[in-house]
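Fold and contact review
The primary structure of each chain is shown beneath.
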Amino acid sequence: MAQIKGTVLIDTIAAVKARAGEAEFAKIVEHLSPEGQGIFGATVHPSSWYPLDAFVEFLEVDIRETAGGDREVLAKRAERVIESQLRGIYKVFVKFGSPGFIITRISAVHSTYFQGVHIIPEIEPHKAVIKYVGFAKHQDIMGYTIVGFFRKALEISGAKGVVVNFTVPISAGGAHCELTIGWD
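A quick note: this is a predicted structure, and the numbers were derived from the prediction, not measured.

**A short note on helix α7 (residues 99-113)**
Taking 1.5 Å per residue, 15 residues should reach 21 Å; α7 reaches 21 Å between its end C-alpha atoms and fits that length. Taken together, the buried positions of α7 are occupied by Pro99, Gly100, Ile102, Ile103, Ile106, Ser107 and His110. Mapping the buried residues of α7 onto a view down its axis gives an arc of 160°, with all of them on the same face.

Printed below as a string of structure tokens:
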């Protein structure tokens, strides 16, 4: 079973509360399963591991309740989260890093946020293919957050003509999914 680090949940909770307030966050939690309510209604610990399915459920409810089910909104929200995470010294590393360096770093960071999901980046000049092994078909909403993270980080780094998409989507339910990134 795939798990996700508590820091991701904490960042997501903070983003929801900053965007929509405590009442909206409470409304989202109300619509979760008992397991989800137990996780998101309690104190989340940054170094603890939580079921990825609970996080996926939270994202699904959030998008349904606050964005009319438009999952593309999630990619835009992920962009805002990474932008806020890349303040100060980290922004300097991203701003002056090559796209290949940025992709390698994000892949490495993503691998610390997941247990049971393996990330395999293959980087070439002006192209990268990142394989994710371990996502289940029903966890396809995660693709929108991943696209948003890579798109914004590459934009901050100054890459031009960035195209990020899943050429083998999570929803295909195969042995792996594949994110393809291209830039000029």
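**Here we look at the pattern of salt bridges**
Applying the stated criterion across every chain, the model contains ten salt bridges. Note that Glu22 is salt-bridged to Lys17, the shortest N-O span being 3.4 Å. In this structure Glu22 comes out as exposed when scored by relative accessible area, which is 52%. We classify Lys17 as partly exposed; its relative accessible area is 31%. Salt-bridge contacts for Glu122 lead to Lys131; the nearest nitrogen and oxygen are separated by 4.0 Å. Among the charged side chains, a network of salt bridges with common partners joins Arg19, Asp62 and Arg77.

**Things to note about the packing of aromatic side chains**
Per the stated rule, a full pass over the model turns up five aromatic pairs. Ring geometry for Tyr132 against Phe166: centres 6.4 Å apart, planes inclined by 45°, an arrangement best described as tilted. One end of the pair, Tyr132, is in strand β5 (residues 127-133); the other, Phe166, is in strand β6 (residues 163-168), and 34 residues separate them in sequence. By the burial criterion, Tyr132 is buried, and Phe166 matches it.

So, how was this worked out
Residues numbered from 1 in each chain as written. Predicted model: local features only at pLDDT ≥ 70, side-chain atom pairs only at ≥ 80, totals over all residues. Heavy atoms only, no water. Helix = DSSP H or I, 4+ residues; strand = E, 2+ residues; numbered from the N terminus. Expected span 1.5 Å × (residues − 1). Buried < 20%, exposed > 50% of the residue type's maximum accessible area, 1.4 Å probe, protein only. Arc of directions from axis to C-beta. Salt bridge = Lys/Arg side-chain N within 4 Å of Asp/Glu carboxyl O. Phe/Tyr/Trp six-rings, centres within 6.5 Å; stacked < 30°, edge-to-face > 60°.

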